[in-house]
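A structural walkthrough
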Amino acid sequence: MVTSEQRRRQLAREKYERQMERRVEAQKKARRRNAIVGGALAVVVIAAGGAWAGGVFDSDAKPKDSAQAAPTPAAAATPVKGCEAPAAGAPNGKQWKTEPALTVDTKAAYTAKLATSCGEVTLSLDAAKAPHTVNSFVYLAGEQYFDHVKCHRLTTEGIYVLQCGDPTGSGSGGPGYQFADENLTGAVYPAGTVAMANAGPGTNGSQFFLVYKDTKLPPNYTPFGKITGGLDVLTNIAGGGVKGGGGDGAPNANVVLNSVTATKS
């Protein structure tokens, strides 16, 4: 017999799959429209619904030539114990036309530190299995691209992640370039996984998600690291809930990446 909890999780997965299908179709239409107008770039923003109609871990990121990201708005947030006011500053919103040259050492170990307004989270990055992804993450961290960026999305029902990396805070921002998926064969997403958000195959940019509780997803999102410290920080953020209630949306906690650094060891 299927329990109510199993049914709820099944419905959450089915909802995610429907949202993904809508996102991919919207992207196809956008590409066709862009071609008709002579290749002019457009940003397609899908109206938000109860579960942000774009997919649970989707990003709307599209390549941009020169557009600068707007500073993250200072929206009111429900106080969450353990979170403090973010450091002063705004995202730099830098843009690049192409993926950075591959310079990571696939035989070396890389670590990252996310100094957030709700506590520190540390990561180990797997350059051997996801070289392009780690290369991009390390490059963006070195450019201070993630500094002062708000973690804009939290899911607390069926799927358990905090999504970050969009300097616009809207779910539609990115660094201007995209790159291919990696490390998908047999990919799973237990608690402690760090993986890329995307808007379909080969659309990785800067948005990533941190899994704070075992989550079942199709192997469509590049896993590129593990959380080595600060899982309790993420659990605390999740405990603060989502704005307006429900299980998917902006977190009540005002989670901002004060700084992100990545080092080779």
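Here is a short report on the structure shown in this document. Nothing here was measured: the structure is a model prediction, and the numbers come from that model. (Residues numbered from 1 in each chain as written. Predicted model: local features only at pLDDT ≥ 70, side-chain atom pairs only at ≥ 80, totals over all residues. Heavy atoms only, no water.)

**Focus: the overall build of the protein**
A count of helical and extended segments in the protein gives three helices and ten strands. Order of helices (α) and strands (β) in the protein, N terminus to C terminus: α-β-β-α-β-β-β-β-β-β-α-β-β. Taking all 265 residues of the protein together, the buried fraction comes to 48%. Here the analysis covers contacts within the protein between residues at least 6 apart in sequence; of these, 76% occur between residues at least 24 apart. Total accessible area computed for the protein in this model is approximately 12,000 Å², and 55% of it derives from carbon and sulfur atoms. (Helix = DSSP H or I, 4+ residues; strand = E, 2+ residues; numbered from the N terminus. Buried < 20%, exposed > 50% of the residue type's maximum accessible area, 1.4 Å probe, protein only. Contact = heavy atoms within 4.5 Å. Areas by Shrake-Rupley, 256 points an atom, 1.4 Å probe, with all protein chains shown as cover.)

**Comments concerning the state of the cysteines**
As enumerated under the stated definition, the model contains two disulfides in all. A sulfur-sulfur separation of 2.0 Å characterises the disulfide bridge that pairs C83 with C118. Its S-S torsion of about 110° marks the bond between C83 and C118 as right-handed, since a negative value means left-handed. With C83 in the loop between α1 (4-36) and β1 (110-116) and C118 in the loop between β1 and β2 (119-125), this pair connects stretches of sequence that are 35 residues apart. The exposure class assigned to C118 is buried, which follows from its relative accessible area of 5%. The disulfide partner of C151 is C164, and the S-S distance across this bridge is 2.1 Å. (Disulfide = S-S within 2.5 Å.)

**Regarding the nonpolar core**
Among the nonpolar cores identified, the biggest contains 43 residues, and L114, L123, L125, F137, F146, F208 and F224 are the most heavily contacted of them. Broken down by element, the residue count for this core peaks at five residues, all from helix α2 (residues 131-142). In contact with F137, other than residues within four places in its own chain, are A112, L114, L123, L125, F146, F208, F224 and V260. Counting ten residues, the second largest nonpolar core, distinct from the first, contains I159, A187, Y189 and V211. (Core = buried A, V, L, I, M, F, W, Y, C linked by side-chain atoms within 4.5 Å.)

**Comments concerning the environment of Q163**
With respect to the element layout, Q163 can be found in strand β5 (residues 161-164). C-alpha of Q163 to C-alpha of V194: the two residues are 31 residues apart in sequence and 9.9 Å apart in space. Within polar-contact distance, the side chain of Q163 engages the side chain of Q207 at 2.8 Å. (Polar contact = N/O pair within 3.5 Å; in protein donor to acceptor, adjacent residues only side chain to side chain.)

**Things to note about the pairing of strand β8 (residues 223-229)**
The buried fraction of β8 is high, at five of seven residues. Note that β2 and β8 share four bridges and pair antiparallel. Across the sheet, the residue bridging to T122 is G229, located in β8. Where strand β6 (residues 193-196) meets β8, three bridges bridge the pair, whose relative direction is antiparallel. Each residue of the ladder has a partner; that of T193, found in β8, is K226. (Pairing = 2+ DSSP bridges.)

**Focus on unusual backbone geometry**
A positive phi is found at Q144, a non-glycine position, where the angle reads about 55°. In the Ramachandran plot, N183 falls in the positive-phi region, its phi being about 55° despite a non-glycine side chain.

**Let's talk about α2**
With twelve residues, α2 extends 16 Å between its outermost C-alpha atoms, agreeing within 8% with the 16 Å of an ideal straight helix rising 1.5 Å per residue. The buried count for α2 comes to nine of twelve residues, which makes it a mostly enclosed element. All of the buried residues along α2 are P131, T133, V134, N135, S136, F137, V138, L140 and A141. Once α2 ends, the next one or two residues include Q144, with phi positive near 55°. (Expected span 1.5 Å × (residues − 1).)

**Brief notes about the packing of aromatic side chains**
The full count for this structure, using the stated rule, is 13 aromatic pairs. With 5.6 Å between their ring centres and 45° between their planes, F137 and F224 make a pair best called tilted. Taken together, the positions of F137 in helix α2 and F224 in strand β8 put the pair 87 residues apart, joining distant regions of the chain. What makes F137 buried here is its relative accessible area of 4%. Ring centres of Y189 and F209 lie 6.3 Å apart, and the angle between their planes is 40°; on these two criteria the pair is classed as tilted. Taken together, the positions of Y189 in the loop between β5 and β6 and F209 in strand β7 (residues 208-211) put the pair 20 residues apart, joining distant regions of the chain. Of the two residues examined, Y189 and F209, each falls in the buried class. Chaining the aromatic ring pairs together yields one cluster made of W96, F137, Y139, Y145, F146, Y177, F179, F208 and F224. (Phe/Tyr/Trp six-rings, centres within 6.5 Å; stacked < 30°, edge-to-face > 60°.)

The analysis is restricted to geometry; functional conclusions fall outside its scope.
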